[in-house]
Amino acid sequence: MARSSADDMELKRVCEAGILAKGDRDKVVMAMRVAKGRGGWGKAGKLTSRHMAKPRVLAITTKQKGQKTKAFMRVLKYSNGGVLEPAKVYKIKHLSKIEVVQNDPSGCTFLLGFDNLRSQSVAPPQWTMRNKEDRNRLLMCILNICKEHLGSIPKVVGMDVVEMAIWAKENTTTKVTQVTNKDGPVESVVLEAESNVTVEKDLVSQAEEEDIEALLSNYVMAIGEAEAFSERMKRELVALESANVYALMETESVVEEVLQGLEIASVCVEDMDEWLGIFNIKLRHMREDIQSIEWRNNRLELQSDSNVALIDELDKLLELLQIPPEYEASLTGGSFDEGNMIKNIEACDWLTLAIKNLEASNLDPIYVKLRAVREKRAEFVLLKCTFVRRASEFLRNYFPSLIDSMLNDKSNFSQRGHLQRPDHADMRNKCRTYARLLQHIKSLDKSCMIPLRKAYCHSLNLLIRRESREFSNELRNSSKASKSSTPLFEGPAGANQPASITDSPADAYSKMITVFIPLLVDESSFLAHFMCFEVSTVSQSDANAEATSTSSVTLEASSSIGKTSNNPAELGVLNECLQELLDGIQEDFYALVDWAFKLDPLSCISMHGITDRYLSGQKAEVSGYVQLLLDDLETRITILFSRFVDDACYQIEKYERNVRQIGVVPYIPRFSQLAARMEQYINGSRDLVDQAYTKIVSIMFVILEKIAQVEPKYVDIVLLENYAAFQHSLYDLANVVPTLAKYYHQASEAYEQACSRHINLVIYIHFEKLFQFARRIEELMYNMSPEEIPFQVGMSKVDFRKMLKSSLAGLDKTINAMYRKLQKNMTAEELLPSLWEKCKKEFLDKYATFLKLISKIYPGEKVTSVNEMRDILASL
């Protein structure tokens, strides 16, 4: 078993050293290792453990001071270096309670209650020993010191003192020492375990103890006989009561004196009670008066604070309700000239804010039903209506007057010999002066914006239509373009040569678009911004660059001037206003397009490219009407050009009704001229031209096939001559135009097929027997072997030699006749050499195939070889 820490002398020495280090010279009576914990007050005042235990050392020390001995309980803790150092000191004289914690089943945890602690609400620390023996040793040491030095012991809770005494008797050895006093030597019993911490106790002598035991043995208490003992106790009680009554009767005089004193004291107490009652009543009245005074004082203070707060609130309310004189003058009768607009805007700002502040949602509910607030709100509304009516009436008159002044100035419009570009910068600057005013009008009364927008759109529409009409007329009058001799498909083949397009009417259309489309977009954006539409607006500026003689135009979009998201309802109203603003201007564009088409139908190509480029540049929703205008122009141009293409197709179809056609059809060279000129007009997208190519060339090929079928004998000659002419005339364009390249290859294939058919026909005409014999051999080879064929009727070697002699006799004349056959009915002499070379090549290929068949059927027969035949053809 481990040694108890109470017997650890080394621990005592270390504790004395630690206490000495602090300057105290206490003697350590007992030192024991413990675990310190912190309890919490639970229900019914019971302690519960809540904190983690910490290692500590409890040292019981004494200090001699004169004749007195002071006892302490010191708590020592371990420092970082493992050295014990004093942490806290308790005086044992203040120990009032020793309590063993009941919720610890081991019984090793207890707490010490001191009556001098500052805060009794804080639970005292709990001390846990290693075992019950250490606990009992420590607590017995504390109790002995309290009894010997203080004369009393603290309250013990949760632990049986009798058991403690039994344990002390069993675990403590006694030693008898002799102490000399005035009566002589006396034996003193000292507990061995406590001989170093307690003073000796004087007990009875051995002789006295023996006398007491003899006396008790001689006295018979008869406790064993219950009834006798009970009778004896009753008799003794009666005798004792009789003795007490007799004693009282003997002291009657004393009792009377006491009673008289009690009466006097009772009278004094009654008088005192009466005085105290009077004083209590007076004090109660005084207390009530004081309470009343305090209550009135509190009410006065509350009333004073409330009055101050009320005055502040009323001042704030008056600021909301009071109309500044300068603003009232501006709102009721001020001028709307440009110089006064700053004052008017400030007045509008104040009025808007004042109305907003008096709304129920922005006002304290206690003010909403105040008559003054309701009256002021009605006054502000009336003031708002008056101002909005005056401002709307002024602007409805201002917009027409501003436009009328511009209409009356002829320098703003194009005149004979002078094209005037519309300039609305000054007008917009004047309008921007009233932009803030319009915003306030919309915020105060949205319904007033409808007539204002109509007045503005109607007035500006007159100006824009006048500008576009004058500009369009001057463009037509000043244009040097004349009626173009556009190649058609009627008349002689050499007529209708292409003319120069330096003075194309498309230039006039380009100028019209370049000037007015950016203007219309800017006006649309300005309308959306100026008239307070809740849509995103994009301001577009024209960036015209005369890079080439065809006046290429580029569009650049500038940064947006509105950041609000598009409202569908607002966008619909905006489109209606834009239609009213720009309605009618399309007629001037239509007139210019029609004029350009009459002068030069091919100018539709340039106009379509220009329109498509501007159309792709319109991204903003506010320019929707401009996009519709461009769509209509593009549709009109497409329809006019389609009319021209349909007319060309109709003229091509007329050739079908002609009598037998010899040579190249006239519309093929004319189409090459037309295509060359159409390519010069392309300015941007070529979709329109490619569609025209597709339609015209398809009709040309269809009609060519029909024309060739008129004379079946000359079908291939007509086809190969015309397809060759198509390839020759469009060779250069087909290299750069994908659509024409497709038809070029189609014509090339048709030419090769026509050549092949015509050459085969010529060859079969002059060498019919030779190739018929070869064809019959091929047919027989499907059903029999080559060795069997010579035994068939008409296929013997004799028959073969006769056929060979008749076919190849006069070969020179036959080949010359074949050449003359190719030359006959050919109008395009330049095709004959290439055609003759193809004919010789085709003949040699067929002849070589014939020799291969002959070598299988008639081996050993002498026949003119391919090389010999090639030499014969080359010599002719």
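Residues numbered from 1 in each chain as written. Predicted model: local features only at pLDDT ≥ 70, side-chain atom pairs only at ≥ 80, totals over all residues. Heavy atoms only, no water.

S.K.: Even after reading the chapter, I still don't get the overall build of the protein chain, so can you show me in this structure?
M.R.: Across its full length, the protein chain carries 28 helices and 14 strands. The long-range share in the protein chain, meaning contacts at least 24 apart out of those at least 6 apart in sequence, stands at 69%. (Helix = DSSP H or I, 4+ residues; strand = E, 2+ residues; numbered from the N terminus. Contact = heavy atoms within 4.5 Å.)

S.K.: Help me understand a positive patch on the surface in this model?
M.R.: Together, Lys-63, Lys-65, Lys-68, Lys-70, Lys-91 and Lys-93 make up a region of like positive charge exposed at the surface. Turning to its location among the elements, Lys-65 is positioned in strand 3 (residues 54-65). (Patch = residues over 30% accessible without salt bridge, like charges linked within 9 Å, V, L, I, M, F, W, Y side chains within 5 Å. Areas by Shrake-Rupley, 256 points an atom, 1.4 Å probe, with all protein chains shown as cover. Salt bridge = Lys/Arg side-chain N within 4 Å of Asp/Glu carboxyl O. Lys, Arg positive; Asp, Glu negative; His and termini not counted. Charge placed at Lys NZ, Arg CZ, Asp CG, Glu CD.)

S.K.: I would appreciate a short explanation of the pairing of strand 5 (residues 84-91) in the present structure.
M.R.: In the case of a regular strand, side chains alternate between the two sheet surfaces. Direction of pairing for strand 4 (residues 68-78) relative to strand 5: antiparallel, over a ladder of 7 bridges. Each bridged residue has a counterpart across the sheet, and for Met-73 the counterpart in strand 5 is Tyr-90. With antiparallel pairing between neighbouring strands as the criterion, strand 4 and strand 5 make up a hairpin whose turn holds 5 residues, including Gly-82 at a positive phi of roughly 80°. (Pairing = 2+ DSSP bridges.)

S.K.: Got a minute to help me understand unusual backbone geometry in this structure?
M.R.: Phi is mostly negative for residues that are not glycine, and the peptide bonds are mostly trans. Positive phi is not limited to glycine here, since Cys-532 has a value of about 60°. In this structure, Cys-532 sits in the loop between helix 14 (506-530) and strand 13 (538-544).

S.K.: Please explain the pattern of salt bridges as it appears in this structure.
M.R.: Two side chains that carry opposite charge are able to pair once their charged atoms sit near each other. Going through the model one piece at a time under the given rule, you end up with 20 salt bridges. Notably, a salt bridge pairs Asp-690 with Arg-686, separated by 3.2 Å at the nearest N-O pair. Arg-686 sits in the partly exposed class, given a relative accessible area of 21%. Between Glu-842 and Lys-846 there is a salt bridge, with the nearest N and O atoms lying 3.6 Å from each other. Taken as a pair, Glu-842 and Lys-846 lie in helix 27 (residues 832-857) at a separation of 4 residues, close to a single helical turn. What emerges from the salt-bridge pattern is a single network uniting Arg-130, Glu-133, Asp-134 and Arg-137. (Buried < 20%, exposed > 50% of the residue type's maximum accessible area, 1.4 Å probe, protein only.)

S.K.: Just to check I follow, could you spell out the packing of helix 14 against helix 17 (residues 603-616) for this structure?
M.R.: A pair of packed helices can be characterised by two numbers: the angle between their axes and the separation between those axes. In the contact formed by helix 14 and helix 17, the axes pass within 9 Å of each other and the chain directions differ by 15°. One finds that helix 14 runs roughly parallel with respect to helix 17. The two elements helix 14 and helix 17 cross, and the hand of that crossing is right-handed. Contact residues: Ala-506, Tyr-509, Ser-510, Ile-513, Thr-514, Ile-517 and Pro-518 in helix 14; Ser-603, Ser-606, Met-607, Ile-610, Thr-611 and Tyr-614 in helix 17. Taken together, the residues that form the contact of helix 14 with helix 17 break down as 8 nonpolar, 5 polar and no charged. (Axes fitted to C-alpha atoms, helices over the stretch in contact; angles between N-to-C directions. Parallel < 35°, antiparallel > 145°, perpendicular 65-115°, else oblique. Left-handed = near helix turned anticlockwise from the far one by under 90°. Nonpolar A, V, L, I, M, F, W, Y, C, P; charged D, E, K, R; others polar.)

S.K.: I would appreciate a short explanation of the environment of Val-762 in the present structure.
M.R.: Tracing the backbone through its elements, the reader meets Val-762 in helix 23 (residues 738-766). With sequence-adjacent residues up to four places away left out, Val-762 is seen in contact with Met-818, Lys-821 and Leu-822.

S.K.: What should I look at first to understand the environment of Ser-785 in this one?
M.R.: Positionally, Ser-785 belongs in the loop between helix 24 (768-780) and helix 25 (797-808). Of the residues examined, Ser-785 reaches a relative accessible area of 29% and is grouped as partly exposed.

S.K.: How should I be thinking about the packing of aromatic side chains in this particular structure?
M.R.: Remark: the centre distance and the inter-plane angle together describe each pair of aromatic rings, the angle taken between the planes. The tally for this structure, following the rule as stated, stands at 27 aromatic pairs. With 5.8 Å between their ring centres and 75° between their planes, Tyr-764 and Phe-771 make a pair best called edge-to-face. Classification of Phe-771 by relative accessible area gives buried; the value is 6%. Taken together, a centroid distance of 5.9 Å and an interplanar angle of 45° make the contact between Phe-773 and Phe-800 tilted. Taken together, the residues span a long stretch of sequence, with Phe-773 in helix 24 and Phe-800 in helix 25 at a distance of 27 residues. Of the two residues examined, Phe-773 and Phe-800, each falls in the buried class. Cluster of aromatic residues (ring-pair linked, three or more members): Phe-394, Tyr-398, Phe-399, Tyr-434, Tyr-456, Phe-526 and Phe-530. (Phe/Tyr/Trp six-rings, centres within 6.5 Å; stacked < 30°, edge-to-face > 60°.)

S.K.: Got a minute to help me understand the confidence of the model for the protein chain in this structure?
M.R.: Interpreting fine coordinate detail is not advised for predicted regions of low pLDDT. Counting all residues, the mean pLDDT for the protein chain is 77, and 80% of those residues have values of 70 or more. Highest mean pLDDT in the protein chain belongs to strand 8 (residues 125-128) (90); lowest belongs to strand 14 (residues 553-560) (29). In this model residues 174-203 is a low-confidence stretch, pLDDT under 50, and it forms 48 contacts with partners more than four residues away in sequence or in other chains. (pLDDT = per-residue confidence, 0-100.)

S.K.: Sorry, what's going on with the side chain of Asp-104 here?
M.R.: Its location among the elements puts Asp-104 in the loop between strand 6 (95-100) and strand 7 (109-114). The buried charged residue Asp-104 lacks any salt bridge, with Arg-135 as its nearest oppositely charged partner at 8.1 Å.

S.K.: In this structure, what is going on with a negative patch on the surface? I would like to understand it.
M.R.: On the surface, Glu-270, Asp-271, Asp-273 and Glu-274 cluster together to form a negatively charged patch. Looking at where Glu-270 falls in the secondary structure, it is placed in helix 6 (residues 252-321). For Glu-270, a relative accessible area of 52% puts it in the exposed group.

S.K.: Teacher, can you tell me more about the side chain of Arg-135 here?
M.R.: Along the chain, Arg-135 falls in helix 2 (residues 132-150). Beyond its immediate sequence surroundings of up to four residues, Arg-135 is in contact with Val-100, Gly-107, Cys-108, Phe-110, Met-129 and Met-159.

S.K.: Can you walk me through the packing of helix 26 (residues 811-823) against helix 28 (residues 866-875) in this structure?
M.R.: Where helix 26 meets helix 28, the closest approach of the two axes is 10 Å, and the angle between their N-to-C directions is 60°. With respect to their mutual orientation, helix 26 and helix 28 come out oblique. The way helix 26 lies across helix 28 gives a crossing that is right-handed. Across from Leu-811, Asp-812 and Ile-815 in helix 26, the residues of helix 28 making contact are Met-869, Ile-872 and Leu-873. A class-by-class count of the residues in the contact of helix 26 with helix 28 yields 5 nonpolar, no polar and 1 charged.

S.K.: Even after reading the chapter, I still don't get the pairing of strand 6, so can you show me in this structure?
M.R.: Bridge count between strand 6 and strand 7: 5 bridges; the pairing is antiparallel. Bridging from a neighbouring strand, Glu-99 pairs with Leu-111 of strand 7. With 3 bridges joining them, strand 6 and strand 9 (residues 155-157) adopt parallel strand pairing. Following the sheet pairing, Lys-97 is matched in strand 9 by Lys-155.

S.K.: Would you mind showing me how to read the nonpolar core here?
M.R.: Side chains that are nonpolar tend, in soluble globular proteins, to be buried together. Counting 175 residues, the largest nonpolar core has Leu-437, Tyr-456, Leu-527, Phe-641, Phe-671, Phe-726 and Phe-850 as the members making the most contacts within it. When residues in this core are grouped by element, the largest group, 15 residues, is from helix 14. In this structure Leu-437 touches Phe-336, Met-341, Ile-345, Cys-348, Phe-387, Ala-391 and Leu-395, once residues within four positions along its chain are discounted. Of all hydrophobic cores here, the second largest spans 31 residues; its members include Val-29, Met-32, Leu-58 and Leu-143. (Core = buried A, V, L, I, M, F, W, Y, C linked by side-chain atoms within 4.5 Å.)

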